[in-house]
Amino acid sequence: MSQPHDRGGWPTEEPISQEEHVLSDWERRVDAMHNVLSEKGLRRTDEMRRAIESLDPETYEACSYYERWTAALEILLLEKGVITSDELDHKFEEVQSQVRS
Amino acid sequence: MTQYSGQPDDSTVKYQPGDTVAVRVDNPGGHFRTPRYIQGQTGRVHKLCGIFPNPESLAYGGDGQPAQPLYRVEFSQSQVWSEYAGPSSDKIYVDIYQHWLEPATAVA
Amino acid sequence: MTRLNTSSNGHGDHDHEDHPGMAHDEELGYYALRARAMEALLVEKGVCSPTEIQNMVDRVEARSPADGARVVAHAWADPEYKALLLSDPEAALAQLGYSLPETTPKLDVVENTENVHNLVVCTLCSCYPRALLGRPPDWYKSFSYRSRAVIDPRGVMREFGLDVPAEVEVRVLDSTADLRYLVLPRRPEGTEGMSEDQLAELVTRDSMIGVTEVRAPESARAG
């Protein structure tokens, strides 16, 4: 059984949607964060691919491209100890309450 | 936690353009860059792309050594896919690291 | 739809459906907020500054298919340059002022001819010659393209309006490793008198991925 990222030749007749979406600001910034961390030696492409591949198949299928990049960024930052999960949970709640108010 | 799929002993270039090679069938469990659909297939070395750190090591924080020769390997589409709809002259090229390749004899 | 969390942070059972009172789902969805929280922490810890991130956004935005088109047009206009582009892309790009990353990925240029048509895909993720084309289009990253381009390239190209004759060999390139591919499309007939700038305007992003060909302008086709 193939892993969900290993897509080549999967049986599908699904037409290829040529519709383009304009990237949101957060997507641009996630893209940029990966690049910046890469230049600082804190993240490698192969590590990022491995992190994306470690998502459970349902998440991989359900997430958009930059959602997967975000999930991978989180895995790598926690794993490398750049941030802790307590810090992230705390900051996430803070950010959530900011946007709700 | 370095994981290697094969046993890449060194970085010596073992294949030349025109050589017939078979792609190993393996599921090393970690990160690797050899798609399923091409595993077990026999193709022809088109060219050596260079020698690159092994991604199976880089993905886990390793140093990627020994670096692996990377080849662009040419396969016949109608051999790779039994249901291939196009002409038998169509090809597919996949970049494959040396430790995923084995010497083989040409398929008629 | 339930957005599943990553398993690494122990909150996989949270429900991250749209929160009531949020006006813009896309901007304020679970992952967008997660990203915002990570950025804030990186800044607080001095790992990077908001300016660095913004500068990177700008750098990435600055790259577009116009860069690739300029290279293609120059190769059409100058056979010597074309030969260099195919044999030593790095040197050829440097001549036009493009510097590729010193490490990986490397770029390779493949030429479409009367007899050969190249099509590029990345089945494992979405590797793309970003240095010359900018960010990949959504369809290139789609599951359906990644699945079908290898097994049914001719059907895929037909969806993009290109019917490659059976006598032309279709070559699919799956960029699985350290190389990225740029297709050098065929120069359309009827463009002999055009300047390089005019030629560059004809060269589309999709033709440099290989799902389409470059078409001559209406005037040239009619004449």
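What this report covers is the structure whose coordinates are included nearby. (Residues numbered from 1 in each chain as written. Chains lettered and ligands numbered in written order. Predicted model: local features only at pLDDT ≥ 70, side-chain atom pairs only at ≥ 80, totals over all residues. Heavy atoms only, no water.)

## Here's the deal with the interface of chain B and chain A
Argument step 1. With 13 residues of chain B at the interface, the matching set in chain A holds eleven residues.
Argument step 2. Summed over both sides, the interface of chain B with chain A buries roughly 1,100 Å², with 44% coming from carbon and sulfur.
Argument step 3. One can count zero salt bridges joining chain B with chain A.
Argument step 4. For the pair chain B and chain A, the number of links is six residue pairs in polar contact (both at pLDDT 80 or more). (Contact = heavy atoms within 4.5 Å. Buried area = accessible area lost by both parts, 1.4 Å probe. Salt bridge = Lys/Arg side-chain N within 4 Å of Asp/Glu carboxyl O. Polar contact = N/O pair within 3.5 Å; in protein donor to acceptor, adjacent residues only side chain to side chain.)

## Here we look at the packing of helix α2 (residues 45-53) of chain A against helix α4 (residues 65-79) of chain A
Residue and element names in this part refer to chain A.
Argument step 1. Across the interface, α2 lies against α4 with an axial gap of 8 Å and an inter-helix angle of 110 degrees. For the element pair α2 / α4, the angle class is roughly perpendicular. Note on element contacts: α4 touches α2 through Arg-68, Trp-69, Ala-72, Ile-75, Leu-76 and Glu-79, opposite Glu-47, Met-48, Arg-50, Ala-51 and Ile-52.
Argument step 2. Considered class by class, the residues forming the contact of α2 with α4 number seven nonpolar, no polar and four charged. (Axes fitted to C-alpha atoms, helices over the stretch in contact; angles between N-to-C directions. Helix = DSSP H or I, 4+ residues; strand = E, 2+ residues; numbered from the N terminus. Parallel < 35°, antiparallel > 145°, perpendicular 65-115°, else oblique. Nonpolar A, V, L, I, M, F, W, Y, C, P; charged D, E, K, R; others polar.)

## Let's talk about the pattern of salt bridges
Argument step 1. Scanning the model with the defined rule gives 31 salt bridges over all chains in all.
Argument step 2. Its salt-bridge partner being Glu-52 of chain C, residue Lys-40 of chain A comes within 2.8 Å of it at the nearest N-O pair. Placement of Lys-40 of chain A in the loop between α1 (25-39) and α2 and of Glu-52 of chain C in helix α3 (residues 50-61) is noted, with the two residues assigned to different chains.
Argument step 3. Under the relative-accessibility criterion, Glu-52 of chain C is labelled partly exposed at 30%.
Argument step 4. The network of salt bridges with common partners includes Arg-28 and Asp-31 of chain A together with Glu-61, Arg-130 and Arg-135 of chain C. (Buried < 20%, exposed > 50% of the residue type's maximum accessible area, 1.4 Å probe, protein only.)

## Quick word on the nonpolar core
Argument step 1. Counting residues in hydrophobic clusters, the biggest one holds 79 residues, and the most contacted among them are Phe-75 and Ile-96 of chain B together with Tyr-145 of chain C.
Argument step 2. Of all the elements, helix α4 (residues 65-77) of chain C adds the most residues to this core, at six residues.
Argument step 3. Leave out the neighbours within four places in its chain, and Tyr-145 of chain C touches Ile-16 of chain A together with Leu-119, Val-120, Val-121, Trp-139, Tyr-140, Val-156, Ile-209 and Val-211 of chain C. (Core = buried A, V, L, I, M, F, W, Y, C linked by side-chain atoms within 4.5 Å.)

## Here we look at a nonpolar patch on the surface
Argument step 1. A contiguous nonpolar patch, built from Val-13, Leu-48 and Ile-51 of chain B and spanning about 210 Å² of accessible area, is present on the exposed surface.
Argument step 2. For Ile-51 of chain B, the location among the structural elements is in strand β2 (residues 42-52). (Patch = residues over 30% accessible without salt bridge, like charges linked within 9 Å, V, L, I, M, F, W, Y side chains within 5 Å. Areas by Shrake-Rupley, 256 points an atom, 1.4 Å probe, with all protein chains shown as cover.)

## Examining the interface of chain A and chain C
Argument step 1. The interface is formed by 64 residues belonging to chain A together with 64 residues belonging to chain C.
Argument step 2. The junction of chain A with chain C conceals about 5,900 Å² of combined surface from both sides, 59% of it contributed by carbon and sulfur atoms.
Argument step 3. Scanning the region where chain A abuts chain C turns up eleven salt bridges.
Argument step 4. With its nearest N and O atoms 2.7 Å apart, the salt bridge here joins Arg-59 of chain C to Glu-39 of chain A.
Argument step 5. Put simply, the parts of the chain that give the side of chain A that touches chain C at least two residues each are α1, α3 (57-62), α4 and α5 (85-100) of chain A.
Argument step 6. Counting residues per element, the side of chain A that touches chain C draws most heavily on α1 of chain A, at 13 residues.
Argument step 7. Here the side of chain A that touches chain C is built from residues that sort into 28 nonpolar, twelve polar and 24 charged.

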